[in-house]
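Chain by chain, the residues run as shown.
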Amino acid sequence: MKKRFLLISLLVLLTLVLSSCTTTTLSTKQPFSASVSFPAEGTYQILGRVDFAPSQGSAGYIDFLTYAKTLYPDTDDIVNIIVDSENSYEMTASPYGNDSRLVSSSYMMSGIAIAYTEYENLL
């Protein structure tokens, strides 16, 4: 009887230990950077808002400007740029402690495309 009780207790304990490991995915969104100023002088025309979700290797201004020119061919500059980042983490909890690892990162760039109407005022 005592051996049977110990065996059942051991199986219950083993089941609790194995089932207590859990994995959770956590996502955080935060502003990465922002430049929210318009040109102080000069005349320009606002063409429209541009939202760009670059791949991991192409999160630069030149790629953003190139994309804006596909939407608005007269684009000379992009102003009021905001870059947001989203990171996803996988959290694993076990009886031995918590562990987290980065699963993915993505960026979202947003700005306003403008076209300068008088270049003389900029020089």
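Notes on the structure follow. Every chain's residues receive numbers from 1 upward, in the order its sequence appears when written. Restriction of local features to residues with pLDDT of at least 70 applies here, the model being predicted, together with a cutoff of 80 or more for giving and counting side-chain atom pairs; totals for whole chains, interfaces and linings are based on all residues. Processing note: side-chain calculations cover all non-hydrogen atoms of the structure and skip hydrogens and water entirely.

Observations regarding the overall build of the protein chain
At step 1: Looking only at helices and strands, one finds 2 helices and 4 strands in the protein chain.
At step 2: Each helix (α) and strand (β) of the protein chain, taken in turn from the N terminus, gives the series α-β-β-α-β-β.
At step 3: The classification of residues rests on relative accessible area computed with a 1.4 Å probe and restricted to protein chains. Under 20% of the type maximum is buried, over 50% is exposed, and intermediate values are partly exposed. Counting the 123 residues in the protein chain, one finds 22% classified as buried.
At step 4: Throughout, a residue-residue contact means that at least one pair of heavy atoms, one from each residue, lies within 4.5 Å. Of the contacts made within the protein chain by residues no fewer than 6 positions apart, 73% connect residues no fewer than 24 positions apart.
At step 5: Summed over its atoms, the accessible surface of the protein chain is roughly 8,900 Å², and 60% of this surface lies on carbon and sulfur atoms. Helix numbering and strand numbering both begin at the N terminus, where a helix is a DSSP run of H or I of at least 4 residues and a strand a DSSP run of E of at least 2. Residue-level accessible areas treat just the shown protein chains as cover; the underlying method is Shrake-Rupley with a 1.4 Å probe.

Observations regarding the nonpolar core
A general tendency of soluble globular proteins is for nonpolar side chains to be buried together.
At step 1: Among the nonpolar cores identified, the biggest contains 10 residues, and these are Val-50, Phe-52, Phe-64, Leu-65, Ala-68, Ile-78, Ile-81, Val-83, Met-109 and Ala-113.
At step 2: Looking at this core, the elements that each hand over two or more residues are β2 (44–52), α2 (61–71), β3 (77–94) and β4 (97–116).
At step 3: When neighbours within four sequence positions are excluded, Ile-78 is seen to be in contact with Tyr-61, Phe-64, Leu-65, Ala-68, Gly-111 and Ile-112. Nonpolar cores were defined as sets of buried Ala, Val, Leu, Ile, Met, Phe, Trp, Tyr and Cys residues, with membership established by side-chain atoms within 4.5 Å.

Considerations on α2
At step 1: Among all positions in α2, only Phe-64, Leu-65 and Ala-68 are buried. The buried residues of α2 occupy an angular sector of 95 degrees when projected down its axis, which confines them to one face. Turned more than 90 degrees from where α2 packs its buried face, Ile-62 and Thr-70 sit exposed. Our arc is simply the arc of the directions from the helix axis toward the C-beta atoms.

Some words on the packing of aromatic side chains
What describes a pair of aromatic rings is the distance from one ring centre to the other and the angle between the planes of the rings.
At step 1: Stacked, tilted and edge-to-face are the three classes applied to pairs of Phe, Tyr and Trp rings, where Trp contributes its six-membered ring and a pair requires centres within 6.5 Å; stacked means planes under 30 degrees apart, edge-to-face means over 60, and tilted covers the rest. Evaluated as defined, the whole model comprises 2 aromatic pairs.
At step 2: Aromatic pair Phe-52 and Phe-64: ring centres 5.8 Å apart, planes at 15 degrees, arrangement stacked. Taken together, the residues span a long stretch of sequence, with Phe-52 in strand β2 and Phe-64 in helix α2 at a distance of 12 residues.
At step 3: An aromatic cluster of at least three residues, connected via ring pairs, comprises Phe-52, Phe-64 and Tyr-67.

Concerning the environment of Asp-84
At step 1: Examined against the element boundaries, Asp-84 turns out to sit in strand β3.
At step 2: Asp-84 sits 24 residues away from Met-108 along the chain, and the two C-alpha atoms are 5.2 Å apart.

Topic: unusual backbone geometry
At step 1: Positive phi, close to 60 degrees, is recorded for Asn-80, a residue that is not glycine.
At step 2: Residue position: Asn-80 is located in strand β3.

A short note on the side chain of Asp-77
At step 1: Considering the arrangement of structural elements, one finds Asp-77 in strand β3.
At step 2: We treat Lys and Arg as the positive residues and Asp and Glu as the negative residues; His and chain ends play no part in the count. Note on definitions: salt bridges are taken to be side-chain nitrogens of Lys or Arg within 4 Å of carboxyl oxygens of Asp or Glu. Lys-69 is the oppositely charged side chain nearest to the buried, salt-bridge-free Asp-77, at an N-O distance of 9.4 Å.
At step 3: Distance and chemistry together define a polar contact, namely a pair of N or O atoms within 3.5 Å, with one atom able to donate a hydrogen and the other to accept it when in protein, and with adjacent residues in sequence counting only for side-chain atoms on both sides. A distance of 3.2 Å separates polar atoms of two side chains, one belonging to Asp-77 and the other to Tyr-116.

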